[in-house]
Structure formats: C-alpha cells, structure tokens
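Structural description and commentary
Below, each chain spelled out in residue letters.
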Amino acid sequence: MAKPFKELRKLMYAEGIDQRCLAKQLGKGTTYVSYRIRGLAPWDMSDVYALCDLFEIPTNEIPVYFPREDITPRTSQV
C-alpha cells in the first residue's frame, strides 16, 4: 500500500522538513503529526492552512496535498 499524503511528503523532503520539525511549526506533538501523516487521523483545517502557508500551497490545491482517500476510515466500536 502506498504511503498517504505523497505530495505533502514530497514537499517536506524537498524542504528538508521532517515530522519533528513539522510538529514544531504547527505547535503540536510529534505523535499528532505522525498519526496524520500516516492517515490514521484527519488533519485539522487550521493545520491544513498553516501547512499551505508554510509550503506556499495555493488553497485551491488543498485536495492535491490532503486527499480525502488518504484518511483511513475509523470503524465504529459499538
């Protein structure tokens, strides 16, 4: 299975930004970023916009960098 958020990962690599640095930029913990970059939890829209600012991603390209299908659906536990 391909890694989620491929285009975001490419930008991170090109800029030399790892998950730890990204977490610091967002004011979040590394676990928070790790869960999101792995597609285990959805990105918060405030984080999406902060990443757009950081990487100079035009907002009309948000679906390219944060595709809905890269989020693993949560199964309900009843």
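Provided above is the structure to which this section pertains.
Residue numbers run consecutively from 1 along every chain, following the written order of its sequence. Side-chain atom pairs in this predicted model are given and counted only at pLDDT of 80 or more, local residue features only at pLDDT of at least 70, and totals for whole chains, interfaces and linings cover all residues. Derived side-chain values reflect all non-hydrogen atoms in the structure, with water molecules and hydrogen atoms excluded from consideration.

1. Here we look at the packing of helix 2 (residues 19–26) against helix 4 (residues 45–55)
Note on geometry: axes are lines fitted to C-alpha atoms, helical ones only across the stretch in contact, with angles between N-to-C directions running from 0 to 180 degrees. Here a strand is any run of E in DSSP of at least two residues, a helix any run of H or I of at least four, and the numbering for each starts at the N terminus. Interaxial distance between helix 2 and helix 4 falls to 10 Å at its minimum, and their mutual angle equals 110°. Classified by the angle between their axes, helix 2 and helix 4 sit roughly perpendicular to one another. The way helix 2 lies across helix 4 gives a crossing that is right-handed. Two secondary-structure elements touch here, helix 2 through Leu22, Gln25 and Leu26 and helix 4 through Asp47, Ala50, Leu51, Leu54 and Phe55. Among the residues forming the contact of helix 2 with helix 4, the class breakdown is six nonpolar, one polar and one charged. What sets the label is the angle itself: under 35 degrees gives roughly parallel, over 145 gives roughly antiparallel, 65 to 115 gives roughly perpendicular, and the rest give oblique. Crossing handedness: left-handed means the near helix sits turned counterclockwise from the far one by under a right angle, and right-handed means the same turn made clockwise. The contact definition used throughout considers only heavy atoms, calling two residues in contact when any of these lie within 4.5 Å. Think of it as three bins: nonpolar holds Ala, Val, Leu, Ile, Met, Phe, Trp, Tyr, Cys and Pro, charged holds Asp, Glu, Lys and Arg, and polar takes everything else, Gly as well.

2. Observations concerning the nonpolar core
Remark: nonpolar core denotes a set of buried residues (Ala, Val, Leu, Ile, Met, Phe, Trp, Tyr, Cys) joined through side-chain atoms within 4.5 Å. For each residue, the accessible area found with a 1.4 Å probe, counting protein chains only, is set against the maximum for its type, and the residue is called buried under 20%, exposed over 50%, and partly exposed in between. Formed by 19 residues in total, the largest nonpolar core has its most connected members in Leu8, Leu22, Trp43, Leu51, Phe55 and Phe66. Only helix 1 (6–15), helix 2, helix 3 (30–37), helix 4 and helix 5 (62–65) provide two or more residues apiece to this core. The element contributing the most residues to this core is helix 4, with four residues. In contact with Trp43, other than residues within four places in its own chain, are Phe5, Leu8, Leu22, Leu26, Val33, Arg36, Ile37, Val48, Leu51 and Phe66.

3. Focus on the packing of aromatic side chains
Each aromatic pair joins two rings of Phe, Tyr and Trp (for Trp, the six-membered one) with centres within 6.5 Å, and gets the label stacked for planes under 30 degrees apart, edge-to-face for over 60, and tilted for any other angle. Following the criterion strictly, the structure yields three aromatic pairs and no others. A ring pair is formed by Phe5 and Trp43, whose centres lie 6.2 Å apart and whose planes are at 85°; its orientation type is edge-to-face. Taken together, the residues span a long stretch of sequence, with Phe5 in the segment before helix 1 and Trp43 in the loop between helix 3 and helix 4 at a distance of 38 residues. Across this residue pair, the class does not change: Phe5 and Trp43 are buried. When the centroid spacing of 6.2 Å and the interplanar angle of 55° are considered together, the rings of Phe5 and Phe66 count as tilted.

4. A word on the pattern of salt bridges
A carboxyl oxygen of Asp or Glu within 4 Å of a side-chain nitrogen of Lys or Arg is what we treat as a salt bridge. All told, the structure shown has one salt bridge when counted by the stated rule. For Glu7, the salt bridge is made with Lys10, and the minimal N-O distance between the two is 3.2 Å. Note that Glu7 and Lys10 are positioned in helix 1 at a spacing of three residues, about one turn of the helix. The class for Glu7 is partly exposed, based on a relative accessible area of 24%. With relative accessibility at 47%, the residue Lys10 sits in the partly exposed group.

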